[in-house]
Amino acid sequence: MTGPPLSPAQSLSRSAPSCAPHPRTTACPSPSTELSPSSDGSLRPPQQGNPSPGRSVIFLMIGDDGLLGSDAAALAVSLILALVTLKATSLLGHFGLLSASETRKVTHIGVGVVYLLSWTLFSSRPEARYWACVAVLVPTVKVLIVGLRLLQDEELLRGMTRTKDPSELLYGPLMYGIVSSTWTVLFWKDTPVGIVGLAALYGGDGLAGLLGIRYGSARLPHNRNKTWVGTAACVFGTFTMSLLVLAVLSHLGKLGALTPAHPGMATSSQWLLLVQSIALVSLVAAAAESLDVKELDNITVPVAVSLTLMTLI
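Residues numbered from 1 in each chain as written. Predicted model: local features only at pLDDT ≥ 70, side-chain atom pairs only at ≥ 80, totals over all residues. Heavy atoms only, no water.

Considerations on the overall build of the protein
Of the regular secondary structure elements, the protein holds 11 helices and 4 strands. For the protein, the proportion of its 313 residues judged to be buried stands at 40%. At a minimum sequence separation of 6, the contacts of the protein that also span at least 24 residues come to 67%. (Helix = DSSP H or I, 4+ residues; strand = E, 2+ residues; numbered from the N terminus. Buried < 20%, exposed > 50% of the residue type's maximum accessible area, 1.4 Å probe, protein only. Contact = heavy atoms within 4.5 Å.)

The structure is reproduced here in structure tokens:
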């Protein structure tokens with residue numbers, strides 16, 4: 001004996017259909033979930049409680065598509081932030097608040113910090129690293145053009161050279177851009193290796209020059225052009241900037257494996273190993289920065305740090 005016909009909602013609730021999760025969802029509705037009709041007549045699972053306001057805001061801002069929902073928009077904002085940083089440091093030098101050498105180092109640090117933090121704007125899609133790379137390549141191409149004397153830019157020369165000689169741009173500043181773009185493509189947010197390498201270049205090497213110039217007096221025995229203050233600043237700058245950027249990316253769910261060689265470790269243990277490894281490579285960064293390699297420290301520092309970190313995590 002058959003009972004009365006079932007409504008569509010009752011039929012669907014009794015026969016739980018199999019489904020494949022959408023790429024942007026983590027699970028299908030539970031088979032025991034009662035589907036309820038919505039205002040437009042379609043059947044949808046009921047809400048399982050309201051998320052906290054803070055998490056809702058973060059999800060709406062970040063989501064899977066990055067802070068701005070478009071890598072092109074993220075690129076535009078990154079370029080604007082870089083230009084604002086360059087203009088701000090230039091003005092500090094113009095009004096005499098920073099010396100020429102200090103202006104150069106503040107630019108070195110500021111542009112790097114802004115660039116690494118701008119990675120939060122980009123999505124987790126594979127092609128996002130190339131969009132982010134353009135944010136470095138555009139100013140790097142300009143540095144090359146000015147360095148070759150094909151274009152004049154007094155503000156750029158004042159902020160990135162010691163003597164306003166355009167040829168200086170073809171060494172440290174050009175290497176800065178090449179390493180930044182290369183590390184972005186090679187490592188991106190998949191692993192801390194590239195992030196820590198760039199943090200050593202931006203925060204470690206940059207802070208070493210800035211504080212060494214202003215406060216350094218005691219010279220290193222193997223390189224009289226470097227100071228103990230600068231060496232200590234390099235350790236501090238590498239360590240703190242690395243942890244800052246990694247913590248922000250991890251909090252937003254934008255960081256890949258903490259320790260790629262130890263995927264089975266508990267998260268707390270991975271963080272402990274990572275912090276210990278960053279402390280060690282901060283010393284490596286200081287050692288590489290202290291060498292007398294003239295304009296090549298923008299290459300030697302990130303290479304030494306990244307290669308060492310790869311063996312540790």
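What to know about the pairing of strand E4 (residues 223–227)
Alignment of strand E3 (residues 219–220) against E4, held across 2 bridges, turns out to be antiparallel. Bridge pairing in E4 places leucine 220 opposite asparagine 223. The hairpin turn running from E3 into E4, its antiparallel successor, is 2 residues long. (Pairing = 2+ DSSP bridges.)

Describing unusual backbone geometry
Even without being glycine, arginine 149 reaches a positive phi, approximately 65°. Mapped onto the elements, arginine 149 comes out in the loop between helix H5 (128–147) and helix H6 (154–160). Positive phi, close to 65°, is recorded for lysine 164, a residue that is not glycine. Among the structural elements, lysine 164 can be located in the loop between H6 and helix H7 (172–186).

Describing the nonpolar core
Formed by 43 residues in total, the largest nonpolar core has its most connected members in Leu116, Trp119, Phe122, Leu198 and Tyr202. Non-local contacts of tryptophan 119, meaning those with residues more than four positions away in its chain, are made with Ala132, Thr184, Trp188, Lys189, Ile195, Leu198 and Leu249. Core analysis: the second largest hydrophobic core is formed by 7 residues, Val143, Val146, Leu156 and Met175 among them. (Core = buried A, V, L, I, M, F, W, Y, C linked by side-chain atoms within 4.5 Å.)

Thoughts on helix H9 (residues 228–251)
With 24 residues, H9 ought to run about 34 Å at 1.5 Å a step, and its terminal C-alpha atoms sit 35 Å apart, in line with that. Among the residues making up H9, those that are buried are Gly230, Thr231, Ala233, Cys234, Gly237, Thr238, Met241, Ser242, Val245, Leu246 and Leu249. Along its buried surface, H9 packs onto helix H4 (100–117), helix H8 (192–215), E3, E4 and helix H10 (267–289). Just downstream of H9, glycine 253 is the residue with a positive phi angle, here 70°. (Expected span 1.5 Å × (residues − 1).)

Brief notes about the environment of leucine 296
Considering the arrangement of structural elements, one finds leucine 296 in the loop between H10 and helix H11 (297–312). The exposure class of leucine 296 is partly exposed, given its relative accessible area of 45%. Note: C-alpha distance between leucine 296 and glycine 172 (124 residues apart in sequence) is 6.7 Å.

Remarks on H7
Taking 1.5 Å per residue as the helical rise, H7 with its 15 residues ought to reach 21 Å, and the 21 Å between its terminal C-alpha atoms agrees with that figure. Judged by how many residues are buried, H7 sits mostly within the fold: 11 of 15 residues are covered. Residues of H7 that are buried in the fold lie against H4, H5, H6, H8 and H11. Note on H7: the residue one or two positions beyond its end, tryptophan 188, has a positive phi of about 50°.

Overview of the packing of aromatic side chains
For the structure shown, the criterion picks out 5 aromatic pairs. Plain terms: the ring middles of tyrosine 176 and tyrosine 202 are 5.3 Å apart, the flat faces sit at 45° to each other, and that makes the pair tilted. With tyrosine 176 in helix H7 and tyrosine 202 in helix H8, the pair connects residues that are 26 residues apart, well separated along the chain. The same class applies to tyrosine 176 and to tyrosine 202, which are both buried. (Phe/Tyr/Trp six-rings, centres within 6.5 Å; stacked < 30°, edge-to-face > 60°.)

Notes on a nonpolar patch on the surface
Taken together, the side chains of Val141, Leu144, Ile145, Leu148, Leu150 and Leu151 present a nonpolar region at the surface, about 510 Å² in accessible area. Looking at the secondary structure, you find leucine 148 in the loop between H5 and H6. Owing to a relative accessible area of 46%, leucine 148 belongs among the partly exposed residues under this scheme. (Patch = residues over 30% accessible without salt bridge, like charges linked within 9 Å, V, L, I, M, F, W, Y side chains within 5 Å. Areas by Shrake-Rupley, 256 points an atom, 1.4 Å probe, with all protein chains shown as cover. Salt bridge = Lys/Arg side-chain N within 4 Å of Asp/Glu carboxyl O.)

A closer look at the pattern of salt bridges
Counting across every chain of the model gives 8 salt bridges. When the shortest N-O distance is used, the salt bridge between glutamate 155 and lysine 87 registers 3.4 Å. Placement of glutamate 155 in helix H6 and of lysine 87 in helix H3 (residues 71–94) is noted, with a sequence separation of 68 residues between them. The residue arginine 214 makes a salt bridge to glutamate 102 at a minimum N-O spacing of 2.8 Å. With arginine 214 in helix H8 and glutamate 102 in helix H4, this pair connects stretches of sequence that are 112 residues apart. Overall, the relative accessible area of 45% leaves arginine 214 in the partly exposed class. By relative accessible area, glutamate 102 is classed as buried at 8%. Linked through salt bridges whose partners overlap, the residues forming this network are Asp71, Arg125 and Glu127.

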